[in-house]
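Descriptive analysis of the structure
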Amino acid sequence: MEELIKYKTEFPKKWTFLWSPEEAEQIPNEHKDQIHFLNEEGTEFVKKYLNCSKMLGPNNDPKWNPFYKNYFKYIKSIPIGGDSNKVIKKWLYELEIPFKKYVIVDLDRSGHAILMTWKMVIKYWEGLFFVDDIAVFDQSLNWCLYFFHEDYLYFGKDNTFDKEAEYEKTLWINELRNKKTTSKQRK
């Protein structure tokens, strides 16, 4: 998370999960201190990190979910209905992610990735899980909360792969990408 905090930027002057810029300005400072929008470079880093994880993608399970087949041992879902505020908050709370834990939101409607505490995810879930597909996860990639635009939340946990081997593979892929970028820049 220390890697991402260096990319933090001001709250965007456009609509976000906190609604209008004026409404975002009105949230308590205690909440603002737990919500960090990331600049373009940080957002690109998050996008690549999530992409390299191979967490999200096609699967041919009879019951659709956003996670690659066999990525997680456990997957559960819940529909979001009109009067589901208390039900969804309880469901999110029961995922047992510590309130103070910083999590990553892959992309807000403002075009920014966000670093925020789990407590703020629960507090502002209605703005986060509104229209666009969105993933919330932490750096361990051992769990992911995914909002599907047809008003469903999916939660996967306990990934099934060897973290160390995948980490090494990701480093290798990143090195290859960096070499390609460097060689293209030289031409």
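Residues numbered from 1 in each chain as written. Predicted model: local features only at pLDDT ≥ 70, side-chain atom pairs only at ≥ 80, totals over all residues. Heavy atoms only, no water.

Turning next to the nonpolar core. Counting 33 residues, the largest nonpolar core has Ile-35, Leu-92, Met-116, Trp-118, Phe-129, Leu-145 and Leu-153 as the members making the most contacts within it. With four residues, the single largest contributor to this core is helix α6 (residues 118–123). Beyond its immediate sequence surroundings of up to four residues, Met-116 is in contact with Phe-17, Gln-34, Ile-35, Lys-101, Tyr-102, Val-103, Val-105, Val-121 and Leu-128. Leu-4, Leu-50, Ala-135 and Tyr-146 belong to the second-largest nonpolar core, a separate cluster that totals 19 residues. (Core = buried A, V, L, I, M, F, W, Y, C linked by side-chain atoms within 4.5 Å. Buried < 20%, exposed > 50% of the residue type's maximum accessible area, 1.4 Å probe, protein only. Helix = DSSP H or I, 4+ residues; strand = E, 2+ residues; numbered from the N terminus. Contact = heavy atoms within 4.5 Å.)

Looking now at the pairing of strand β8 (residues 152–159). Taken together, the seven bridges between strand β3 (residues 72–79) and β8 define a ladder with antiparallel strand orientation. When the sheet's bridge partners are listed, Ser-77 is paired in β8 with Tyr-154. Pairing analysis gives six bridges linking strand β7 (residues 143–148) to β8, with the strands arranged antiparallel. By the bridge assignment, Phe-147 is partnered in β8 with Leu-153. Hairpin remark: β7 followed by β8, antiparallel, with three residues in the connecting loop; positive phi at Asp-151, about 65°. (Pairing = 2+ DSSP bridges.)

Let us look at the pattern of salt bridges. One pass over the structure, following the stated rule, counts six salt bridges. Between Lys-119 and Glu-30 there is a salt bridge, with the nearest N and O atoms lying 4.0 Å from each other. Highlighted residues: Lys-119 in helix α6 and Glu-30 in helix α3 (residues 29–32), separated in sequence by 89 residues. On the accessibility criterion, Lys-119 (33% relative accessible area) is partly exposed. (Salt bridge = Lys/Arg side-chain N within 4 Å of Asp/Glu carboxyl O.)

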